[in-house]
Amino acid sequence: MAIRQLPDDLVNKIAAGEVVERPASVVKELVENALDAGAKRIAITTAAGGKGLIRIEDDGHGMDETDLLLSVERHATSKLADDGLDDIRTLGFRGEALASIGAVSDLSIASRTAEAQSGLKLTLRRGLRDGPVPQAMNRGTIVEVKNLFAAIPARLKFLKSDRAEANAITDVVKRLAMAHRGVHFVLSGSDRSAINWPAQTGENAVHARLAQIIGTDFPKNAQEIAFSRGGIVVGGLAGLPTFSRANTLNQFYFVNGRSVRDKVLLGAVRAAYADFLHRDRFPVLALFVAIDPADVDVNVHPTKAELRFRDPGAVRGTVIRALTEALGAAGFRASSSVADNALASFRVSEAKPQAPEPSQSAFAEPAPAHSAPPPGWTPAERPSFSADIAAHQRRFDAPSARMEVVTESAPDTDYPLGVARAQVFENYIVAQNGDALVLIDQHAAHERLVYERFRNQLRSGPVPSQAQLIPVVIDLPEEDCGRLEEARPVLERLGLYLERFGPSSIAVNETPALLGQTDVEGLIRDLADGLAEWDSVAIIEERMDAIIARMACHGSVRSGRRLRGDEMNALLREMEATPHSGQCIHGRPTYIELKKGDLERLFGRR
């Protein structure tokens, strides 16, 4: 078959296949055009998930007749001052969106500039242009897209349900609204509940906009990000580790006002939260990166959803540093959702008075009035009522939880985590501060403290060790012994000294001093399992934090250990002084704080 030049309508349909994947893609392109036009209010209306109708109305600069006619031509744009693509400061720049949309739908564009007496309306039906004709309207632009993909049934059948497509449009508008806080967004239609996000300005604009979209709980349980280095500015809000989710749907990334999906940013967030979250939990965050447009290439994806940084290492390092500082500023703080979940787990049972059971005599034959007792019967002494009460009271003489009288030099209000009052189930510390009851998981809390001590000591040099009076010899499979022997240089930096003791044994001579009296055999077996899982001794250096975490777990206060009052309070004071102590190394909360008002509501006092 000979090579031929494709007709314009087919070229536009092919281009539409790249730009217009689904109705949400149309909304994205049109709203970005409105934002580039300086709009301060954008109203989006949809029907049938965007397949029946998409209507975008804005109050931007508008277009005159010349621009209106050029707007539906392929590769016609007002957003490139010259022919270069290395300094793009607008959301759109290719100039093919309207032509592509018009090729696969019924498109109408009405626009008016501030200087014009009236507006003009242009229609494009399956690629055929009609107009422009006069149109009465305010300044701005109104774009309507009807019957999307009606002429291409093959594309139409691959779209999802109306509800799913409507949700995809909501997600697109949500991300655009986050990036452009000074714009008023209205989203409505017959296929959805109306959404109204007024413009937000001032110092708290980011908090207010994210509260509108993600929820009011997010700003309350997040730390502000504010960091810059080498011309890269990072801002936004980073959720506390205890305010995590089971997926990444609540992670939002923006570069120069553009919502993106980028592996560099995803990897940086994973690295920053690696010490605080388990592998199946994901943080909630909105990350805004500002960088010189010349240092980022946005022309690498048809829908501009991906980009390429000129120096990805610098961007990754800056983002990690920004998140690390933000999370470090949180100190021992845990999210309020932990207490909310604890309160929700309480079930206050409503006691209903029960009618007394009928006595047996009500259903039995009445006994004779003067029946004689059986032969040999002697009356038994019935305990008195007061004796019953005394015996019952003795059951409460001993406390159900172990408690000690603790003398504190400072009142409860001087300590954020309060003063220890009791220990229950030999694992949970009950403390009281000025206006709340605090429940602490002693094992999870101490695990985080030991982990942070390990890291701090490692930064200043090898971790101090303590010699075993008699080397501990542990029998292991030969392959595990080989991995441990190969990892000796790294383990010795952590204060763990061991050597091969025969073909299938390891002798442990010294252990990290801060572990104290630990289960040496359990520690070694756990480390051997970790080395086998990683399958390469070469990456042990990269897994240093994971090794420290395993050691910290073995060196922490175990569940079931009774603590004295001074030990419990010492643990609380160290938690207050240690960053990130609000969650253990697996991302679980280390304490729950129940306010006095919460307790009063549980008991119906408020």
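One can find the structure itself at the top, above this paragraph.
Rules used throughout
- Residues numbered from 1 in each chain as written.
- Predicted model: local features only at pLDDT ≥ 70, side-chain atom pairs only at ≥ 80, totals over all residues.
- Heavy atoms only, no water.
- Buried < 20%, exposed > 50% of the residue type's maximum accessible area, 1.4 Å probe, protein only.
- Helix = DSSP H or I, 4+ residues; strand = E, 2+ residues; numbered from the N terminus.
- Arc of directions from axis to C-beta.
- Phe/Tyr/Trp six-rings, centres within 6.5 Å; stacked < 30°, edge-to-face > 60°.
- Lys NZ or Arg CZ within 6 Å of the ring centre and 35° of its normal.
- Pairing = 2+ DSSP bridges.
- Axes fitted to C-alpha atoms, helices over the stretch in contact; angles between N-to-C directions.
- Contact = heavy atoms within 4.5 Å.
- Parallel < 35°, antiparallel > 145°, perpendicular 65-115°, else oblique.
- Left-handed = near helix turned anticlockwise from the far one by under 90°.
- Nonpolar A, V, L, I, M, F, W, Y, C, P; charged D, E, K, R; others polar.
- Polar contact = N/O pair within 3.5 Å; in protein donor to acceptor, adjacent residues only side chain to side chain.
- Salt bridge = Lys/Arg side-chain N within 4 Å of Asp/Glu carboxyl O.

**Quick word on helix α14 (residues 478-486)**
And step 1. What α14 keeps buried is the set Asp480, Cys481 and Leu484. The buried residues of α14 occupy an angular sector of 100° when projected down its axis, which confines them to one face.

**Points about the packing of aromatic side chains**
And step 1. Inspection of every chain in the model, using the stated rule, returns two aromatic pairs.
And step 2. Between Phe254 and Phe288, the ring centres sit 4.8 Å apart and the planes meet at 10°, which makes this aromatic pair stacked. With Phe254 in strand β12 (residues 251-255) and Phe288 in strand β15 (residues 285-290), the pair connects residues that are 34 residues apart, well separated along the chain. Residue Phe254 shares its accessibility class with Phe288, and that shared class is buried.
And step 3. We note Arg181 situated over the ring of Phe288; from NZ or CZ to the ring centre the distance is 5.1 Å.

**Here's the deal with the sheet that holds strand β22 (residues 497-500)**
And step 1. As summarised here, the arrangement of the three strands in space is β21-β23-β22, forming an open sheet in which the pairing is antiparallel. A single partner strand is all that each edge strand has here, and the edge strands are β21 (465-475) and β22. Taking each pair of neighbouring strands and ignoring which way they run, the sheet shows an average axis angle of 15°.
And step 2. Two elements, β22 and strand β23 (residues 505-512), share four bridges in a ladder whose sense is antiparallel. Each residue of the ladder has a partner; that of Arg500, found in β23, is Ile506.
And step 3. Contacts from α14 reach β22 and β23 within the one sheet, and its direction differs from that of β22 by about 135°.

**Some words on the environment of Ile142**
And step 1. If you trace the backbone, Ile142 turns up in strand β6 (residues 140-146).
And step 2. Residue Ile142 is classed as buried on the basis of its relative accessible area of 15%.
And step 3. C-alpha of Ile142 to C-alpha of Leu30: the two residues are 112 residues apart in sequence and 9.9 Å apart in space.
And step 4. The residues touching Ile142, leaving out its near neighbours within four places in the chain, are Arg55, Ile56, Glu57, Ser108, Ile109, Ala110 and Met137.

**Some details on the packing of helix α13 (residues 442-459) against helix α18 (residues 565-577)**
And step 1. Packing of α13 against α18 leaves a shortest axis separation of 10 Å and a crossing angle of 50°. Here α13 lies oblique to α18, going by the angle between them. Considering only the axes of α13 and α18, their crossing is left-handed. Taken together, the residues of α18 that come into contact with α13 (itself represented by Gln442, Ala445, His446, Leu449 and Arg453) are Leu571, Glu574 and Met575.
And step 2. Of the residues in the contact of α13 with α18, the class split is four nonpolar, two polar and two charged.

**Focus on the side chain of Gln423**
And step 1. Along the chain, Gln423 turns up in strand β18 (residues 419-424).
And step 2. For Gln423, a relative accessible area of 3% translates into the label buried.
And step 3. A polar contact of 2.8 Å, which involves the side chain of Gln423, links it to the side chain of Gln442.
And step 4. A distance of 3.3 Å separates a polar side-chain atom of Gln423 from the backbone nitrogen of Leu563.

**Quick notes on the side chain of His580**
And step 1. Note on placement: His580 falls in the loop between α18 and β24 (591-595).
And step 2. Overall, His580 belongs to the buried group, its relative accessible area being 10%.
And step 3. When sequence neighbours within four positions are dropped, the list of residues in contact with His580 reads Phe276, Leu327, Gly328, Gly331, Arg448 and Glu452.

**A word on the pattern of salt bridges**
And step 1. For the structure shown, the criterion picks out 26 salt bridges.
And step 2. Of the charged contacts, one joins Arg55 and Glu144 as a salt bridge, the two residues approaching to 3.0 Å between their closest N and O atoms. Within this pair, whereas Arg55 is found in strand β2 (residues 53-58), its partner Glu144 is found in strand β6, the two being separated by 89 residues in sequence.
And step 3. The partner of Glu325 in a salt bridge is Arg321, and the shortest N-O contact between them spans 2.9 Å. One end of the pair, Glu325, and the other, Arg321, are both in helix α10 (residues 312-329), four residues apart, so they sit about a helical turn from each other.

**Notes on the environment of Tyr591**
And step 1. Looking at where Tyr591 falls in the secondary structure, it is placed in strand β24.
And step 2. Residue classification places Tyr591 among the buried positions, given a relative accessible area of 8%.
And step 3. Taking the C-alpha atoms as reference points, Tyr591 and Asp441, 150 residues apart in sequence, are found 6.0 Å from one another.

**A closer look at the pairing of β12**
Along a regular strand, successive side chains alternate from one face of the sheet to the other.
And step 1. Burial within β12 is extensive, with five of its five residues counted as buried.
And step 2. On β12, burial covers both faces: Gln251, Tyr253 and Val255 on one face and Phe252 and Phe254 on the other are all buried.
And step 3. Two strands pair when backbone bridges link them, and β12 and β15 are joined in this way by five bridges, in the parallel orientation. In the strand pairing of β15, Phe252 is matched with Ala286.
And step 4. As defined by bridge partners, β12 adjoins strand β13 (residues 258-259) across two bridges and the pair is classed as antiparallel. For Phe254, the partnering residue across the bridge sits in β13 and is Ser259.
And step 5. The turn joining β12 and β13, which pair antiparallel and follow one another in sequence, is formed by two residues; a positive phi near 55° is taken by Asn256.

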